[in-house]
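Topology and contacts: notes
Below are the chains, spelled out letter by letter.
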Amino acid sequence: MSDQTTGRAEVRKQGDREIVVERIFDAPRDLVFRAFTDPELIPQWWGPRDTETSVDRMDVRPGGDWRFIHRSADGSETAFRGTFREVTPPERIAWTFEWSGMPGYVSVDITEFDDLGDRTRVRTRSLFHLPEERDGMLEAGMESGLQESYERLDEVVERLGRA
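So, a few notes on the structure that sits alongside this text. (Residues numbered from 1 in each chain as written. Predicted model: local features only at pLDDT ≥ 70, side-chain atom pairs only at ≥ 80, totals over all residues. Heavy atoms only, no water.)

With that settled, the discussion passes to the environment of G75. With respect to the element layout, G75 can be found in the loop between strand 4 (65–72) and strand 5 (77–88). Residue G75 is classed as exposed on the basis of its relative accessible area, which comes to 51%. The spatial distance from the C-alpha of G75 to the C-alpha of G117 is 42 Å, given a sequence separation of 42 residues. (Helix = DSSP H or I, 4+ residues; strand = E, 2+ residues; numbered from the N terminus. Buried < 20%, exposed > 50% of the residue type's maximum accessible area, 1.4 Å probe, protein only.)

What follows is about the layout of surface pockets. When its volume is computed, the largest pocket comes out at roughly 670 Å³. Lining the largest pocket are 29 residues, with F80, F97, M142, G145 and L146 sitting closest to its centre. Those elements giving two or more residues to the lining of the largest pocket turn out to be strand 2 (18–25), strand 4, strand 5, strand 6 (92–99), strand 7 (106–115), strand 8 (120–127) and helix 4 (142–162). By residue number, the principal contributor to the lining of the largest pocket is helix 4, which donates 5 residues. (1 Å grid on protein atoms, 1.4 Å probe; cavity = no way out; pocket = protein on both sides within 12 Å on 5 of 7 lines; lining within 4 Å. Points joined across faces, edges and corners; volume = space filled by probe spheres on them.)

Another aspect to go through is the pattern of salt bridges. Pairs can form between side chains of opposite charge whenever their charged atoms are close. Evaluation of the coordinates by the stated rule reveals 23 salt bridges. A salt bridge links D154 to R23; the shortest N-O distance between them is 2.6 Å. On the criterion of sequence distance, the pair formed by D154 in helix 4 and R23 in strand 2 is long-range, its members being 131 residues apart. Given the relative accessible area of 23%, D154 is considered partly exposed. For R23, a relative accessible area of 1% corresponds to the buried category. Ionic pairing is found between E98 and R81, a salt bridge with its closest N-O pair at 2.7 Å. Residue E98 is located in strand 6, and its partner R81 is located in strand 5; the two are separated by 17 residues in the primary sequence. For R81, a relative accessible area of 43% puts it in the partly exposed group. Bridged by salt links that share partners, the residues E10, R12, E18, E22, E86, R92, E112, D114, R121, R123 and R125 form one connected network. (Salt bridge = Lys/Arg side-chain N within 4 Å of Asp/Glu carboxyl O.)

Here it is as structure tokens:
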């Protein structure tokens, strides 16, 4: 994937319990890392465009908890939550991830930010306890939500780069 251009993220299964996502952003690593860790920026890109995301809490440090809430146009809500295990600016974040649509299915996600000069490769490895948990997350539409979120993230880092 070293020659991938920006656009759609590559989402693939690895082994029997893991999902690997890779995407290149046309922005320096510090801006992309900031977008992942700044609670003011998360609502600008996290989730599909037809939802409103709010940050209930986001304590970006090892042991710190995070929780984001999506509100759909019909008023329904879904939440995402976890705990930061490692935060190494601007290189790496390790955190747990649980979606309220699949309670009890907690993955451990490691997101790495590779410096490509004026571009950044973001690679996330999500490890689930069971293959069924991983497959359930994919079947629930994880990839389409991720693709739209990353399109929105492109817009956020472009604005940050102009500021």
